[in-house]
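Below are the chains, spelled out letter by letter.
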Amino acid sequence: MQMIIGNWKMNGLQASLDEARAFAAATSGDTHVIRTICPPATLLLPMAEALQGSGVSTGGQDCHETASGAHTGDISAVMLADSGASFVIVGHSERRTDHGESSELVSRKALAAAGAGLHPVICVGETRVQREAGAATSIVLEQLSVSIPENLQPGSFSIAYEPVWAIGTGLVASPDDIAAMHATIRDMLLARYGEAGRTVAILYGGSVKPDNAATILRIDNVGGALVGGASLKAIELVAIVQAARRPV
Ligand code: PGA
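A.B. asks: Help me understand the site of the ligand, please; the structure alone is not making it clear to me.
C.D. replies: Not every one of the 13 residues close to the ligand is listed here, only the nearest: K9, H92, E162, G168 and S207. Contact between the ligand and E162: an oxygen atom at 2.6 Å from a side-chain N or O atom of the residue. Of the residues that constitute the shell around the ligand, the class distribution is four nonpolar, seven polar and two charged.

A.B. asks: Could you clarify how one ought to interpret the packing of helix α9 (residues 210-217) against helix α10 (residues 234-243) in this entry?
C.D. replies: When two helices pack together, their arrangement is given by the angle between their axes and by how far apart the axes lie. Here α9 crosses α10 at 25°, and the two axes come no closer than 8 Å. In terms of orientation, α9 and α10 fall into the roughly parallel class. In the crossing of α9 with α10, the sense of the turn from one axis to the other is right-handed. Touching P210, A213, A214 and L217 of α9 are E236, A239, I240 and A243, all from α10. Split by residue class, the contact of α9 with α10 holds seven nonpolar, no polar and one charged.

What counts as what
- Residues numbered from 1 in each chain as written.
- Predicted model: local features only at pLDDT ≥ 70, side-chain atom pairs only at ≥ 80, totals over all residues.
- Heavy atoms only, no water.
- Near = heavy atom within 4 Å.
- Polar contact = N/O pair within 3.5 Å; in protein donor to acceptor, adjacent residues only side chain to side chain.
- Nonpolar A, V, L, I, M, F, W, Y, C, P; charged D, E, K, R; others polar.
- Axes fitted to C-alpha atoms, helices over the stretch in contact; angles between N-to-C directions.
- Helix = DSSP H or I, 4+ residues; strand = E, 2+ residues; numbered from the N terminus.
- Parallel < 35°, antiparallel > 145°, perpendicular 65-115°, else oblique.
- Left-handed = near helix turned anticlockwise from the far one by under 90°.
- Contact = heavy atoms within 4.5 Å.

What follows is the structure in structure tokens.
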């Protein structure tokens, strides 16, 4: 099953729930795709209620590493689960950049998420400077080796490869570059978990749109997409879900 996750980032007011409802209605036949929307935390509970029974799940965009405590402004994985979430994005490059999050912290967040019964989507990706320096693969492998907690079971988490330079820019990695990076990530998972490493979905993210989704989603080892800008409009996210391949 491919997984299409919409990341609304810091966008969305109560009125935006209509987009989520429209998305759920238009994709109700696409049960071969895991469909998830990660709205801002303010919309999690009403969105979970609006989407109840639709087959579309909800997720958080980040979580704290602990369950509760004196951390003004933070939200824990337990709270996300309590608001109906089943997924949570951790280690998004915007969190790594805006909030200085390290891979060590991302690993602790992923563990907290799994402990709360959520499915963490662990994000990694190189910057333009790193790619141009020929360091993309080593950076991504280093981020993965630290960001994936040692005792997380394969199948209980997913990975999103998102080249930082492709996020929100309209630039997309070439199919060859995506195939090469996803194969490298798969090899790393196989080395770590044996055959069970095949159960980890590796999503691609970065300017995924209706017009490039089919190409991206057909690349070997691409298990879905993490979609930012295009997830804000139901019609675009519907088209991306429809581009996801059926299991063979
Ligand atoms: P984008 O964002 O689709 O707007 O490039 C992707 C992401 O940041 O997850």
